[in-house]
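As a plain string of letters, each chain reads:
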Amino acid sequence: MVVLPLQCVAWDVVGHRIVAEVAYQNMTKKARKQVDSLLGKRGIVYTSSWPDEIKSDTIYPYTHVWHYQNLRAGLTHADIDSLYHHPKAEGMHALYALDSLSNALRENRKDAISLTFVVHIMGDVFQPMHLGHPDDKGGNMVTMRWFKDGTNLHEVWDARLIDYTGYSYSEYARYLEYTYSQRKQEWTDMTLLECLYVTYDRQQQVYAYQATGDNNSYHYAYRFRKDLDESLYAAGLQLAKLLNSIYK
């Protein structure tokens, strides 16, 4: 078993744990056993935020750009398809990292570092602002008010919407399974490329809403709650699908 550093305080820990928990519950017994042997019992959940925590570590500076993929406005499915099949075309970002690390894990199923990054980055590519516009750094430069607090669009999607529910990661995962289980097979059968189409469509909807200037946080949470839920659940199912295929 490889021991990774314990987590520090991070603003999107809960989101990544939700995705990992959904994946864990939908992995085969064989895949779960092999992943547990590498990361510890349920380690897929507890180390899911580790790639964020090491951003200040000088050993891993090249990984910073793995967490996002710049997708400008007005892309077509053909544009996304081209980028998906040529993931280095616009730099070594999330699509490149997910592709290369998945392949590395297939070649060496005991590669705990690649496994941990795959778990994390799969969650990132389902978060609309991790596929945000390059000119505003994925919404980091778009200021917002979240109830009484000043924040930015990226943080709202990374943490504030999730925190607003009041659920722990395990409660949220159970809620998703209960609420959306009838669509489980549909989302599992989708290709990752098809999922990227959906995430990009959500990204456009988020920016379109921002353009209205509506600063009502209650309405924002109500408007995007289903999008948030579906993103988290689909990410977990796609992660389980990938790991089941690797550890079969």
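Here is a short report on the structure shown in this document.

## Focus on the side chain of Asp-158
Reasoning step 1: With respect to the helices, strands and loops of the structure, Asp-158 is situated in helix α8 (residues 153-165).
Reasoning step 2: Polar side-chain contacts of Asp-158 include one of 2.9 Å to the side chain of Gln-127.
Reasoning step 3: There is a polar contact of 3.3 Å between the side chain of Asp-158 and the side chain of His-130.

## Focus: the packing of helix α2 (residues 29-39) against helix α7 (residues 112-124)
Reasoning step 1: Direction vectors running N to C along α2 and α7 enclose 115°, while the axes themselves pass 10 Å from each other. Considering the angle they form, α2 stands roughly perpendicular to α7. For the pair α2 and α7, the sense of crossing is left-handed. Contacts between α2 and α7 involve Val-35, Leu-38 and Leu-39 from the former and Ala-112, Leu-115 and Thr-116 from the latter.
Reasoning step 2: Broken down by class, the residue content of the contact of α2 with α7 amounts to 5 nonpolar, 1 polar and no charged.

## Describing the nonpolar core
Reasoning step 1: Counting residues in hydrophobic clusters, the biggest one holds 77 residues, and the most contacted among them are Ile-44, Trp-157 and Tyr-220.
Reasoning step 2: Among the elements that take part in this core, helix α12 (residues 217-246) stands out by supplying 14 residues, more than any other.

The rules behind these values
Residues numbered from 1 in each chain as written. Predicted model: local features only at pLDDT ≥ 70, side-chain atom pairs only at ≥ 80, totals over all residues. Heavy atoms only, no water. Helix = DSSP H or I, 4+ residues; strand = E, 2+ residues; numbered from the N terminus. Polar contact = N/O pair within 3.5 Å; in protein donor to acceptor, adjacent residues only side chain to side chain. Axes fitted to C-alpha atoms, helices over the stretch in contact; angles between N-to-C directions. Parallel < 35°, antiparallel > 145°, perpendicular 65-115°, else oblique. Left-handed = near helix turned anticlockwise from the far one by under 90°. Contact = heavy atoms within 4.5 Å. Nonpolar A, V, L, I, M, F, W, Y, C, P; charged D, E, K, R; others polar. Core = buried A, V, L, I, M, F, W, Y, C linked by side-chain atoms within 4.5 Å. Buried < 20%, exposed > 50% of the residue type's maximum accessible area, 1.4 Å probe, protein only.

Note that every value here comes from positions in space, so none of it alone points to a role or purpose.
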